[in-house]
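Secondary and tertiary structure notes
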Amino acid sequence: MGRDLQTGSPAFKVNSLTGLDQADPGKGTVHWDAPRSIWNMGFLIGSLILGPLYFTWPAFLVFLILSGATLCVGHSVGFHRRLIHRSFECPKWLERTMVYFGTLVGMGGPIWTIGLHDMRDWAQREEDCHWFLRHGKPIVQEGFYYLNFKLKLTNPPGFDPGKEIAEDPFYRFLQKTWMLHQLPIAAILYLIGGLPFVVWGVVVRVSACIMMHWCISYFAHSRGPQDWHLDDAALQAHNVPILAIPTMGESWHCNHHAFPRSAAHGLYPGQIDLGFQFIRLLEKLGLAWDIKLPENLPPRPGISPVTDRALSIAAPGQAELCKTLGPNPAE
């Protein structure tokens, strides 16, 4: 790579991977991921069959509330912006609470999520990225592989999320038991509203959250507007405005790829980012501080603006850095 996106400022490197100089993102085999395949397809089929049979408006309201809470507090803020990217600081008890909410989303435990995120982030920037991670397949085929299979690289990178995460007994517990945490939620919902609450508050919710995550993974790497180009990256990210609200701002994916340490993903006027608004609420309550934004992060090498407004949110030195490194190679 002409401009190594994996090095430079710690604000932009892939933090949990090691041995990248020896790792190969292009060689590997695809295998059926039995536990996750059964989990994912079980919830998907269950929601399609049971959802219409047990639909009530109160149950649908429970679905909306729990989906919003777990996706926003848990997945978007707890897992992604805090645990993976450290885009703000907060008390440890709050971090653990948000990570627990992230586990309740039903996609995986915290340590697995960090490893999967960072491996994909690294591999998708490399020119010889494996076809399994390129999002170049037809949409139905893409979804089938996403829900049922996993990639085993021949020469994978090492994984070290750090002692604060890897040796945290609570996170290790969540990683081992992540599937079981739907059971107490189901029991509470059954006592409150019977089977309709369980079906919509657990089965449909988990299925919808899994599918929403896949939609972002697919569409945000396939098509949509861009303000930034990642130089030398094999796979470019795009913003998906229509999914901004249901994904809590995660669909502003081009912005996120350009400034991965930023606590805000919606960077420009009109870009709704509910996850960042939750972080701002925590800040007002004295529970979040040192919030990272493009304007207070160091200028980032390896990115080029592609719109007139792009540099309006960046640090003062970003424009000079882009001029120094040269024009966008895609232009």
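Residues numbered from 1 in each chain as written. Predicted model: local features only at pLDDT ≥ 70, side-chain atom pairs only at ≥ 80, totals over all residues. Heavy atoms only, no water.

Test applied: UniProt positions are given in the numbering used here, feature names are shortened, and annotations may be inferred rather than shown by experiment.
You'll find the protein chain entered in an unreviewed UniProt entry as Acyl-CoA desaturase, with Alterisphingorhabdus coralli given as the organism. Recorded in UniProt for the protein chain, the comment headed Sequence similarities (unreviewed entry) runs: "Belongs to the fatty acid desaturase type 2 family." Its UniProt record, at the heading Subcellular location (unreviewed entry), says of the protein chain: "Membrane".

A closer look at the overall build of the protein chain
Here is the rule: For helices the rule is a DSSP run of H or I covering at least 4 residues; for strands it is a run of E covering at least 2, with both sets numbered from the N terminus onward. As a reference, a globule follows 2.2 Å times the number of residues to the power 0.38, and the radius of gyration itself is taken over C-alpha atoms. Remark: exposure states derive from per-residue accessible area (1.4 Å probe, protein chains only) relative to the maximum for the residue type, with buried under 20%, exposed over 50%, and partly exposed in between.
Within the protein chain, the regular secondary structure consists of 11 helices and six strands. The C-alpha atoms of the protein chain give a radius of gyration of 20 Å, which matches the 20 Å a tight globule of 331 residues would have. Taken along the three principal axes of its C-alpha coordinates, the protein chain extends 65 × 50 × 40 Å. Across the 331 residues that make up the protein chain, the buried fraction comes to 55%.

With respect to a nonpolar patch on the surface
The criterion, for reference: Residues with no salt bridge and a relative accessible area higher than 30% make up the patches, which join like charges within 9 Å and nonpolar side chains (Val, Leu, Ile, Met, Phe, Trp, Tyr) within 5 Å. Note on areas: Shrake-Rupley, 1.4 Å probe, and residue coverage restricted to the protein chains presented here. The salt bridge criterion pairs a side-chain nitrogen of Lys or Arg with a carboxyl oxygen of Asp or Glu, the two atoms within 4 Å.
Nonpolar side chains collect at one region of the surface, where Ile45, Leu48, Ile49, Leu50 and Leu53 lie side by side and expose about 500 Å² of accessible area between them. Tracing the backbone through its elements, the reader meets Leu50 in helix H1 (residues 34-53). Of the residues examined, Leu50 reaches a relative accessible area of 32% and is grouped as partly exposed.

Some details on the nonpolar core
We apply this condition: Only buried residues count toward a nonpolar core, which is a set of Ala, Val, Leu, Ile, Met, Phe, Trp, Tyr and Cys residues joined through side-chain atoms within 4.5 Å.
Formed by 63 residues in total, the largest nonpolar core has its most connected members in Phe88, Met98, Leu189, Trp228, Phe259 and Phe278. Breaking this core down by element, the ones donating at least two residues are H1, helix H2 (57-84), helix H3 (92-104), helix H5 (139-148), helix H8 (182-219), strand E5 (228-230), helix H9 (253-258) and helix H10 (274-284). Ranked by size, the runner-up nonpolar core spans 11 residues in total, among them Trp122, Ala123, Phe132 and Leu153.

Brief notes about unusual backbone geometry
The backbone phi angle of Arg86 is positive, close to 50 degrees, even though this residue is not glycine. Along the chain, Arg86 turns up in the loop between H2 and H3. Look at Arg86 and you get buried, because its relative accessible area is 17%. Here Asp290, not a glycine, exhibits a phi torsion of approximately 50 degrees, which is positive. Mapped onto the fold, Asp290 is located in the loop between H10 and strand E6 (303-305). According to the relative accessible area criterion, Asp290 is partly exposed, its value standing at 44%.

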